[in-house]
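Each chain, written out:
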Amino acid sequence: MKKINVKKLFDNGITYLVLLTVSFAFCFPVLWLLLASFSKTGSIYSFDGFFPAEYSLDSFRRLFNDTVMYNYPKWFSNTLLIAVFSCLFGTILVIMTAYTMSRFNFRGRKMLMKITLILGMFPSFMAMTAVYILMTHFNLINQHWGLVLIYSAGAPLGYLVQKGFFDTIPGSIDEAARIDGASGFMIFWKIILPLSAPIIVYTSLTLFAWPWSDFILPRLLLKDRDLYTVAVGLMSLGDDEFSRFSAGAMFIAVPIIILYFGLSKFLISGLASGAVKE
């Protein structure tokens, strides 16, 4: 009969207990928000302790049908438009930046890498005043394309993970392609990009999630209620509309969850590949 290792059993028990405690700490707010979305009264002040006293689906019906004051479907479509185009343009810029920094040696390359690394340490809201003045001069206040421009232009600063991935692709592949007569663009388009599917998916997911959940920039630049994103629109709801706020918050999470679970294998592969150098 196999001898039971008491010390290992105790260590495993402590480990699982800590993991369960941490999981509960993270999951409880989500569970509470989900139950709050079914509150019948809609007000946070009518809760019986932590949870609603009565439950109903009215908050979900009002979320999509009562659009005179709070047009959630419009906010959702606004957010989707901004996120999709920011993801598209930002992914192109990040991949091109990372490939250039990985494959080409030029004067000032290392200095440029150090500067972008330092700039990435500063929180983005420090530049809000400058961003607002620039958007005012370009007449991009109250314009969705202004947000797309900011998200896309700021994306290349986070190119280091993508550069790490390109560094793992052997340079001998490029040399062999050049010997066969391939141009620089053909090497990038027909050889490097097909090998880079994991990091492209990872980049697209992160650049989609950023504008999808951002609050500060849309709140700063969008003044018209019909132009709001979901994050800004939900924050404009009153205290007596908390169940609608909860329902909108739960519904906005669904597309992100579907994307992450559907593409998780590429996401994990992209992170792991970008962390290992040749």
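Note that the structure is a prediction, hence the values are computed from the model and not measured.

*Asks:* Please explain the overall build of the protein chain as it appears in this structure.
*Replies:* Counting secondary structure elements, the protein chain contains 14 helices and two strands. Radius of gyration (C-alpha) of the protein chain: 24 Å, far over the 19 Å computed for a compact globule of 278 residues. Dimensions of the protein chain along its principal axes, counting C-alpha atoms only, are 80 × 75 × 30 Å. The buried share of the protein chain, reckoned over its 278 residues, is 35%. Intrachain contacts of the protein chain at a sequence separation of at least 6 include 75% that bridge at least 24 residues.

*Asks:* How do you make sense of the pattern of salt bridges when you look at a structure like this?
*Replies:* By the definition in use, this model includes six salt bridges. Salt-bridge contacts for Arg-61 lead to Asp-58; the nearest nitrogen and oxygen are separated by 2.3 Å. Here Arg-61 pairs with Asp-58, and both are found in helix α2 (residues 58-65), just three residues apart, close to one helical turn. Taking relative accessible area as the criterion, Arg-61 reaches 44% and is therefore assigned partly exposed. Here Glu-241 ties to Arg-62 by a salt bridge, and the two come within 2.9 Å at their closest N and O atoms.

*Asks:* Help me understand the packing of helix α1 (residues 6-36) against helix α13 (residues 242-262) in this model?
*Replies:* When two helices pack together, their arrangement is given by the angle between the helix axes and the distance between those axes. Following both chains from N to C, one finds α1 and α13 inclined at 120°, their axes separated by 8 Å at the closest point. As the angle between them shows, α1 and α13 are arranged oblique. α13 is crossed by α1, and the crossing has left-handed handedness. Packed against α1, whose contacting residues are Val-30, Trp-32, Leu-33, Leu-34 and Ala-36, the element α13 presents Phe-242, Ser-243, Ser-246, Ala-249 and Met-250 at the interface. A per-class count over the contact of α1 with α13 returns eight nonpolar, two polar and no charged.

*Asks:* Can you help me understand the packing of aromatic side chains in this one?
*Replies:* This model, assessed by the stated rule, comprises 21 aromatic pairs. Ring plane angle 90° and centroid distance 5.5 Å describe the contact between Phe-76 and Trp-212, whose orientation is recorded as edge-to-face. Taken together, the residues Phe-76 in helix α3 (residues 72-103) and Trp-212 in helix α10 (residues 197-213) connect sequence positions 136 residues apart. Given the relative accessible area of 18%, Phe-76 is considered buried. The exposure class assigned to Trp-212 is buried, which follows from its relative accessible area of 5%. Cluster of aromatic residues (ring-pair linked, three or more members): Phe-64, Tyr-72, Phe-76, Phe-208, Trp-212 and Phe-251.

*Asks:* Teacher, can you tell me more about the domain arrangement of the protein chain here?
*Replies:* Interface size is commonly expressed as the accessible surface area that is lost when the partners come together. When its domains are assigned, the protein chain resolves into domain 1 (1-56) and domain 2 (66-277). Spacing between the C-alpha centres of domain 1 and domain 2 amounts to 32 Å. Across the boundary between the two partners, domain 1 contributes 13 residues, which contact nine residues of domain 2. Between domain 1 and domain 2 the total buried area reaches about 810 Å² when both faces are included, carbon and sulfur atoms providing 73% of it.

*Asks:* Just checking my understanding: could you explain the side chain of Asn-78 for this structure?
*Replies:* Relative to the helices and strands, Asn-78 is located in helix α3. What makes Asn-78 buried here is its relative accessible area of 4%. Polar side-chain contacts of Asn-78 include one of 3.0 Å to the backbone oxygen of Tyr-228. Aside from chain neighbours lying at most four places away, what touches Asn-78 is His-144, Asp-226, Leu-227 and Tyr-228.

*Asks:* What is the right way to read unusual backbone geometry from this model?
*Replies:* The bulk of non-glycine residues show a negative phi, and the bulk of peptide bonds are trans. Even without being a glycine, Asn-139 presents a positive backbone phi close to 55°. Along the chain, the position of Asn-139 falls in the loop between α5 (128-137) and α6 (144-154). With a phi angle near 65°, Asn-142 is a residue other than glycine that sits in the positive phi range.

*Asks:* Would you explain α5 in this entry?
*Replies:* Given 3.6 residues per helical turn, the α-helix brings residues three or four places apart onto the same face. Those residues of α5 that sit buried are Met-128, Val-131 and Met-135. Buried residues of α5, seen end-on, are gathered within an arc of 60° and therefore sit on one face of the element. Among the exposed residues of α5, those oriented more than 90 degrees off its buried face are Thr-129 and His-137. For α5, the secondary structure elements touched by its buried residues are α6 and α11 (216-221). Phi turns positive, to about 55°, at Asn-139, one or two residues after α5.

*Asks:* Help me understand the side chain of Thr-91 in this model?
*Replies:* With respect to the helices and strands, Thr-91 occurs in helix α3. Accessibility expressed as a relative area gives 9% for Thr-91, which makes it buried. Aside from chain neighbours lying at most four places away, what touches Thr-91 is Ser-86, Ile-200, Thr-203, Ser-204 and Leu-207.

Rules of the game
Residues numbered from 1 in each chain as written. Predicted model: local features only at pLDDT ≥ 70, side-chain atom pairs only at ≥ 80, totals over all residues. Heavy atoms only, no water. Helix = DSSP H or I, 4+ residues; strand = E, 2+ residues; numbered from the N terminus. Rg over C-alpha atoms; globule rule 2.2 N^0.38 Å. Buried < 20%, exposed > 50% of the residue type's maximum accessible area, 1.4 Å probe, protein only. Contact = heavy atoms within 4.5 Å. Salt bridge = Lys/Arg side-chain N within 4 Å of Asp/Glu carboxyl O. Axes fitted to C-alpha atoms, helices over the stretch in contact; angles between N-to-C directions. Parallel < 35°, antiparallel > 145°, perpendicular 65-115°, else oblique. Left-handed = near helix turned anticlockwise from the far one by under 90°. Nonpolar A, V, L, I, M, F, W, Y, C, P; charged D, E, K, R; others polar. Phe/Tyr/Trp six-rings, centres within 6.5 Å; stacked < 30°, edge-to-face > 60°. Domains from an automatic or database assignment. Buried area = accessible area lost by both parts, 1.4 Å probe. Polar contact = N/O pair within 3.5 Å; in protein donor to acceptor, adjacent residues only side chain to side chain. Arc of directions from axis to C-beta.

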